[in-house]
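Each chain is listed here by its residues.
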Amino acid sequence: MPKNAIHWDRTAPPPPVCDRLEGATQADVVIVGAGLTGLRTAISLAEAGTDTVVIDAEKIGFGASGRSGGQCNPIWRATPDALRAKFGPAQADRLIQTTLTSADDLFDDIRRYGIACEAEQNGWVQAAHTRKAAQGLAQLQEGWAAEGADIRVLTQAQTHAAVGSDTYDFALHHGKGGFVQPLGLTRGFAKTAQAAGARLYERAPATQITKHGTGWRVTTPGGDITCAQVILTTNAYTDALMPKLRQTVLPMFSISIATAPLSDAQRKTVLPERKTIADTRLAIYYARYDADNRLIFGCVGSGHDPNLLGGVGRLRTGLHTVWPQLKGIGIECTWGGRIGVTPDLMPHMYEPAPGILAGLGFSGRGIAMTSVMGRSLARKVLGGANSDLPFPVSAMTPVPFHEISRRLVPLMAPTMSIKDKAAVIWDRATHKES
């Protein structure tokens, strides 16, 4: 297999058998986007007896749901107090309580539906790359621990032992964290939705959404679907189908490598308890094992091609910075994909028009939070009130200077990497002086 191939394609269970959409059909609900959000929405709707169709422009799991690092990092970057200040006490409290159970809810789903996705819930290490970042993490831990979250501070020695590296001197341990094979999870959700009665169509891009009586018509090259409700779950792959929605999310890129399997000796010194790790860099470093003991290591990139603007070089540098003992290890795959980022780094539910809902913008927290959004979208369609939802309908807020920002996305990764290096150098210099 060529190196520029998505590792998860090699190890995921077989894909679901999906039809091609040909001619006209009807449904209660049409979901555009067959990733984790859309498929989890479809499961809840189909289980409730709603006639549900899911369409995707590509194959099931083509987007971030089949390309991500697969890490279940079940906490926001904001403290609970910051969430209350932003959303108000009532909504923030619903979101906080849902956040506290989000990881367990996901792993419970995996067990309940019998999804083969190499799931492991061994915890997540959130590591600080500077002392200033450590102060921010300490505040995060204090705030979320007060709400009952399973988060504790690791000492310097504990951090070194958990990571297998002295690159970081401070970290948090999130006991509910873990990882999955993301394409396996996506395909498992798809098969579960089908078993519940949902119809799935691949290679069926939505080219137009128009009013049809009291409902809507979704047009694809192969045929049309008339329905009462449309749900858009295209996240970072949101296109000109609904321009104002497209402007609410910035499609940034995550790039990854899969190493050769680590030896027994190497595994004793690299994430020895098989926890996931993500750090506080702007061009974040993150890593986890797969089922065959390969290390999956990622950072922010410039495009789908991980080689763009030195991306693979940054990956190798990052891997060897954190784990110098892995210098010389083979790299089997490199790949990239989009992630949907919002200005406040939080996902949102929107209602662009009556009878159309959208949920997107997971900003690197998609493995757990897409399921939360999927259940919320389904509850909204089934009559749930905003006052009952962790993600209620909100006003669409565009990314400032959206089109300019989209054009500059390839430059963001190297720029952030330079800033990260400068922050580390400054931190070391001031530490010596003090």
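Residues numbered from 1 in each chain as written. Predicted model: local features only at pLDDT ≥ 70, side-chain atom pairs only at ≥ 80, totals over all residues. Heavy atoms only, no water.

Caption draft 1: Structural view of the side chain of Asp427. Relative to the helices and strands, Asp427 is located in helix 12 (residues 402-433). Discounting chain neighbours no more than four positions away, the residues touching Asp427 are Thr130, Arg131 and Lys132. (Helix = DSSP H or I, 4+ residues; strand = E, 2+ residues; numbered from the N terminus. Contact = heavy atoms within 4.5 Å.)

Caption draft 2: Up close: the nonpolar core. Among the nonpolar cores identified, the biggest contains 60 residues, and Trp144, Leu185 and Leu200 are the most heavily contacted of them. Contributing elements (two or more residues each) for this core: strand 2 (29-32), helix 2 (36-47), helix 4 (89-112), helix 5 (131-146), helix 7 (182-196) and helix 11 (366-381). Discounting residues that sit within four places of it in the chain, Leu185 has contacts with Leu36, Leu106, Ile110, Ile115, Cys117 and Val180. Membership of the second largest hydrophobic core comes to 26 residues, among which are Tyr168, Leu271, Leu319 and Ile331. (Core = buried A, V, L, I, M, F, W, Y, C linked by side-chain atoms within 4.5 Å. Buried < 20%, exposed > 50% of the residue type's maximum accessible area, 1.4 Å probe, protein only.)

Caption draft 3: The sheet that holds strand 11 (residues 215-219), seen in detail. One open sheet holds the four strands; their spatial order is 1-12-11-10, and the pairing between them is mixed. With one partner strand each, in any of the chains shown, strand 1 (25-26) and strand 10 (208-212) form the two edges of the open sheet. Direction of pairing for strand 10 relative to strand 11: antiparallel, over a ladder of five bridges. Bridge assignment links Gln208 to a residue of strand 11, and that residue is Thr219. (Pairing = 2+ DSSP bridges.)

Caption draft 4: Representation of the packing of aromatic side chains in the model. Under the definition given, this model contains five aromatic pairs. Pairing Phe62 with Tyr237 gives two aromatic rings, centres 6.1 Å apart and planes at 70°, and the pair type is edge-to-face. Of the two residues, Phe62 sits in the loop between strand 3 (52-55) and strand 4 (71-72) while Tyr237 sits in the loop between strand 13 (229-232) and helix 8 (243-246), which places them 175 residues apart along the sequence. The partly exposed category is assigned to Phe62, whose relative accessible area is 33%. With 6.3 Å between their ring centres and 80° between their planes, Trp76 and Phe391 make a pair best called edge-to-face. Within this pair, whereas Trp76 is found in the loop between strand 4 and helix 3 (80-87), its partner Phe391 is found in the loop between helix 11 and helix 12, the two being separated by 315 residues in sequence. Taken together, Tyr285, Phe297 and Trp323 form an aromatic cluster joined through their ring pairs. One residue, Arg67, lies across the ring of Phe62, its end atom 4.6 Å from the ring centre. (Phe/Tyr/Trp six-rings, centres within 6.5 Å; stacked < 30°, edge-to-face > 60°. Lys NZ or Arg CZ within 6 Å of the ring centre and 35° of its normal.)

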